[in-house]
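# Geometric and topological summary
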Amino acid sequence: MDFQLVLDQINAELRPLLGQGGQVARYIPALARVSPAQFGIALRTCDGQTAQAGDSAVPFSIQSVSKVFSLTLAIQALGEALWARIGREPSGSPFNSLVQLETERGIPRNPFINAGAIAVADRLVTLGDGKAELLALLSRLCGEPIHIDAEVAQSEHDTGFRNTALANLMKGFGTLDNDVTTVLDVYFNQCAIRMTCEQLACAAGYLCRDGRHPLAGTPVLSPALARRVNALMLTCGTYDAAGEFAYRIGLPCKSGVGGGIVAVVPDHLTLCVWSPALDPTGNSLLGRQALELFVAKTGLSVF
Ligand code: DON
């Protein structure tokens, strides 16, 4: 299949729609300043072919896409024990909702909503230096140094009122082992990591290769755990739009409010799309359309 042609066509079809809908994330000031008129797409196949179009080399704030990689580190170290105080069910609620935590004894529904990712960050603090290990994992996975955007991290700290509430609520229920401030520092910094579509398409590559490193071929996760991360992405990776994503796209996906979405076609390729304007569920509007077009043009879907 000529993937470069497919991505060029998607870019040509969607570029005229830039600026015609959606809104950049406003609750994090450093993200509110990003120009919405950007669209990038990149993929990398299991045999190392790459294709890219549009703003695929422009770094952006990966935000909740980081939750795939923090989950990878935690599950690699803890295995099934990770699930002692984190659920694996879709929430059907917005990613920053507090409601279920109160009625469900402080156990977050899954590791991809904010509460669940904060609980995963807590486990990374127990295991070592979560921030450094996440950057090291991402740098290894894409073969290039990866950095945190200090301005975005500060912005997250300054305005993370709901995340602070989620963390305190969980601490009160005994879901977090470590100090709330230390855990939130890891969480805010992981959200502020900057990467390009090309880097993310490569870094996520272990998810389409039964857990094997995209460049070195060595194990990052066991095949069983890689399957489980994909299952969680499909059912929980796009929050209260996960059903709609499964219905329209049918690929494990993980989105972030920076406008990035990583998608996996198991045994074929990993794909990253980015466009900063979001729909009301916090998923990139054009990113979602791009994935729908990709599946329609290639027939690649898990269903
Ligand atoms: O904690 C937050 O709200 C953001 N730093 C990340 C949220 C996010 O990306 C959810 N994605 N759709």
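Residues numbered from 1 in each chain as written. Predicted model: local features only at pLDDT ≥ 70, side-chain atom pairs only at ≥ 80, totals over all residues.

Per an unreviewed UniProt entry, the protein carries the name Glutaminase and comes from Roseateles hydrophilus.

### Focus on the overall build of the protein
Note the following rule: By definition, any uninterrupted DSSP run of H or I lasting at least four residues is a helix, any uninterrupted run of E lasting at least two residues is a strand, and each is numbered from the N terminus. The reference for a compact globule is 2.2 Å times residues^0.38; the radius of gyration itself is calculated from the C-alpha atoms. Neighbour counting defines burial: a residue surrounded by 20 or more other C-beta atoms within 10 Å of its own C-beta is buried, one with 12 or fewer is exposed, and intermediate counts give partly exposed, using backbone-placed C-beta atoms. Placing a C-beta atom from the backbone of each residue, one calls two residues in contact when those atoms lie within 7 Å.
Secondary structure summary: the protein contains 13 helices and eight strands in total. Taking 19 Å as the expected radius of gyration for a compact globule of 303 residues, we find that the protein reaches 18 Å, a close match to that expectation. Burial statistics for the protein: of 303 residues in total, 53% are counted as buried. Put simply, 68% of the contacts in the protein that link residues at least 6 apart link residues at least 24 apart.

### Comments concerning helix 11 (residues 223-236)
So the rule is basically this: One less than the residue count of a helix, multiplied by 1.5 Å, gives the span that helix is expected to have.
Between its first and last C-alpha, helix 11 extends 20 Å over 14 residues, near the 20 Å set by a 1.5 Å rise per residue. Within helix 11 the residues assigned to the buried category are Leu225, Ala226, Val229, Asn230, Leu232, Met233, Leu234 and Cys236. In this fold, the buried residues of helix 11 make contact with helix 3 (66-78), helix 12 (242-248), strand 6 (253-255) and strand 7 (260-265).

### Some words on the packing of helix 3 against helix 5 (residues 114-127)
To characterise two packed helices, one gives the angle between the axes of the helices and the distance between these axes. So the rule is basically this: In this description, a line fitted to the C-alpha atoms serves as the axis of each element, helices being fitted only across the stretch in contact, and the angle between N-to-C directions of two axes falls anywhere from 0 to 180 degrees. Relative orientations are named as follows: roughly parallel for angles under 35 degrees, roughly antiparallel for angles over 145 degrees, roughly perpendicular for angles from 65 to 115 degrees, and oblique for any other angle. What makes a crossing left-handed is the near helix being turned counterclockwise from the far one by less than a right angle; a clockwise turn instead makes it right-handed. Asp, Glu, Lys and Arg are counted as charged, while Ala, Val, Leu, Ile, Met, Phe, Trp, Tyr, Cys and Pro are counted as nonpolar; the rest, among them Gly, fall into the polar class.
Their axes nearest at 9 Å, the elements helix 3 and helix 5 cross at an angle of 50 degrees. Judged by the inter-axis angle, helix 3 sits oblique to helix 5. The way helix 3 lies across helix 5 gives a crossing that is left-handed. Of the residues in helix 5, those touching helix 3 at Lys67, Ser70, Leu71, Leu73, Ala74, Ala77 and Leu78 are Ala117, Val120, Ala121, Arg123, Leu124 and Leu127. Among the residues making up the contact of helix 3 with helix 5, the classes are represented as ten nonpolar, one polar and two charged.

### A look at the site of the ligand
Short version of the rule: As used in this record, a residue near a molecule or strand is one whose C-beta atom, placed from the backbone, is within 6 Å of it.
In the vicinity of the ligand, the contacting residues are Gln63, Ser64, Phe95, Asn96, Asn114, Glu156, Asn163, Cys191, Ser255, Gly256, Val257 and Gly282. A per-class count over the shell around the ligand returns three nonpolar, eight polar and one charged.

### Observations concerning the environment of Glu102
Considering the arrangement of structural elements, one finds Glu102 in helix 4 (residues 99-103). Residue Glu102 is classed as exposed on the basis of its 10 C-beta neighbours within 10 Å. C-alpha separation for the pair Glu102 and Leu166, spaced 64 residues apart in sequence, amounts to 9.6 Å.

### Remarks on the sheet that holds strand 2 (residues 50-54)
Inclusion rule: One bridge is not enough; two strands pair if DSSP finds at least two bridges between them.
Pairing is antiparallel in the open sheet, where five strands are placed in the order 2-1-8-7-6. The sheet is open, and its two edges are formed by strand 2 and strand 6, each paired on a single side. For this sheet, the mean angle separating the axes of adjacent strands, direction not counted, is 10 degrees. Across three bridges, strand 6 lies against strand 7 in antiparallel orientation. Within the sheet, the bridge partner assigned to Ser255 lies in strand 7 and is Ile261. Each of strand 1 (40-45) and strand 2 is contacted by helix 1 (residues 3-14), which is oriented at about 15 degrees to strand 2, the strand it contacts most.

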